[in-house]
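Topology and contacts: notes
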Amino acid sequence: MASQNKIPQATAKRLPLYYRFLNNLHLQGKSRVSSKELSEAVKVDSATIRRDFSYFGALGKKGYGYNVEYLLGFFRKTLDQDETTKVALIGVGNLGTAFLHYNFTKNNNTKIEMAFDLDPNKIGTEAGGVKIYSIDEMEDHLTDVQAAILTVPGAVAQNIAERLVASGITGILNFTPARITVPDNVRVHHIDLSVELQSLIYFMKHYPND
Ligand SMILES: NC(=O)c1ccc[n+]([C@@H]2O[C@H](COP(=O)([O-])OP(=O)(O)OC[C@H]3O[C@@H](n4cnc5c(N)ncnc54)[C@H](O)[C@@H]3O)[C@@H](O)[C@H]2O)c1
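This is a predicted model, so every value here is computed, not measured.

Strand order across the open sheet formed by seven strands is β5-β6-β4-β3-β7-β8-β9, with mixed pairing between neighbours. Taken across any chain shown, the strands that pair with only one partner, and hence form the sheet edges, are β5 (126-127) and β9 (187-190). Taken together, the three bridges between strand β4 (residues 110-117) and strand β6 (residues 130-134) define a ladder with parallel strand orientation. The residue bridging alanine 115 from the neighbouring strand is isoleucine 132, located in β6. Against the sheet, helix α6 (residues 94-101) touches β3 (85-90), β4, β5, β6 and β7 (147-150), its axis set at about 145 degrees to β4. Across the face of the sheet, helix α8 (residues 154-166) comes into contact with β3, β7 and β8 (171-174) while running at roughly 170 degrees to β7.

Laid out in structure tokens, this is it:
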């Protein structure tokens, strides 16, 4: 979408955060929100929120705030929430099983369509309503899938990532400790819980909340 290109990356990263909060407000029947209210909820300062929202053509009115419905409409288009992004999950172990049971579609249109594993006890079964196929048949099933969640052991992550890329996947959410190498047109987001925990502890020590 052309308008999306004009949004700075830092702003784009905050969109899902805003979207989730505004969607909840909308579900509660609220039609407007002040930048102060938003700021406290999403922990982004209100000057940044005002600047972000000005990119969306949403200018808050003094004493009124922002129109929730207008913002949601904009976010849906920008985040492609109107179109479901199909996601595959590779590795149905502890972490993978938990994700399959988590209902991602509650707040947006992301859906885990299928899962893969090599364990014969898991192949052919379902978890959270998602079918688990053999990793050997992965390529046959990935015809209309755009993104993948990687929850396999680190040692096989690179090989699986290469197979995913060859099947046309352009986004990988990597939960394994392995750093994977992919072509430039593929986006990898690496989620390392130990780094997140260390960072939390650092902030707790150095920037304690009052
Ligand atoms: N469990 C956690 O809390 C946690 C936290 C952070 C990161 N991680 C990382 O996430 C990944 C998964 O963790 P887990 O605890 O779920 O492990 P797990 O051992 O419970 O699950 C791994 C799954 O991958 C499958 N698998 C193995 N090789 C495969 C292959 N070649 N193709 C397809 N499937 C294959 C296994 O059969 C198993 O079902 C690991 O890389 C781990 O380091 C786990």
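Before going further, it helps to spend a moment on the site of the ligand. As a matter of local geometry, the ligand sits amid 21 residues, with Gly91, Gly93, Asn94, Leu95 and Thr176 nearest to it. Of all the secondary-structure elements, those providing two or more residues to the shell around the ligand are α6, β4 and α8. Grouping the constituent residues of the shell around the ligand by class yields 12 nonpolar, seven polar and two charged.

We now examine the nonpolar core. Counting residues in hydrophobic clusters, the biggest one holds 24 residues, and the most contacted among them are Ala88, Leu89, Ile90, Ala115, Ala148 and Leu150. Counting only elements with at least two residues in this core, the list comes to β3, α6, β4, β6, β7 and α8.

Even without being glycine, lysine 43 reaches a positive phi, approximately 60 degrees. When the 8 C-beta atoms within 10 Å are taken as the criterion, lysine 43 is described as exposed.

What UniProt calls "DNA-binding region" (unreviewed entry) maps, in this numbering, to residues 17-56. Helix makes up 72% of residues 17-56 and strand 5%. Its end C-alpha atoms lie 15 Å apart.

Bringing the domain arrangement of the protein chain into the picture now. Split into domains, the protein chain comes out as domain 1 (2-78) and domain 2 (85-194). Centre-to-centre separation of domain 1 and domain 2, based on C-alpha positions: 31 Å.

Quick look at the environment of serine 31 now. Structurally, serine 31 can be placed in the loop between α2 (9-27) and β1 (32-33). Between the alpha carbons of serine 31 and methionine 204 there is a distance of 35 Å; along the sequence they are 173 residues apart. Non-local contacts of serine 31, meaning those with residues more than four positions away in its chain, are made with Asn67, Val68 and Glu69.

Packing of helix α3 (residues 35-42) against helix α4 (residues 46-55) leaves a shortest axis separation of 9 Å and a crossing angle of 110 degrees. The orientation of α3 with respect to α4, classified from their angle, is roughly perpendicular. Regarding α3 and α4, the two cross each other, and that crossing is right-handed. Note on element contacts: α4 touches α3 through Ser46, Ile49 and Arg50, opposite Ser35, Lys36, Leu38 and Ser39. Partitioned by chemical class, the residues of the contact of α3 with α4 number two nonpolar, three polar and two charged.

Scoring rules and cut-offs
- Residues numbered from 1 in each chain as written.
- Predicted model: local features only at pLDDT ≥ 70, side-chain atom pairs only at ≥ 80, totals over all residues.
- Pairing = 2+ DSSP bridges.
- Helix = DSSP H or I, 4+ residues; strand = E, 2+ residues; numbered from the N terminus.
- Contact = placed C-beta atoms within 7 Å.
- Axes fitted to C-alpha atoms, helices over the stretch in contact; angles between N-to-C directions.
- Near = placed C-beta within 6 Å.
- Nonpolar A, V, L, I, M, F, W, Y, C, P; charged D, E, K, R; others polar.
- Core = buried A, V, L, I, M, F, W, Y, C linked by C-beta atoms within 7 Å.
- Buried ≥ 20, exposed ≤ 12 C-beta atoms within 10 Å, placed from the backbone.
- UniProt positions renumbered as here; feature names shortened; annotations may be inferred.
- Domains from an automatic or database assignment.
- Parallel < 35°, antiparallel > 145°, perpendicular 65-115°, else oblique.
- Left-handed = near helix turned anticlockwise from the far one by under 90°.

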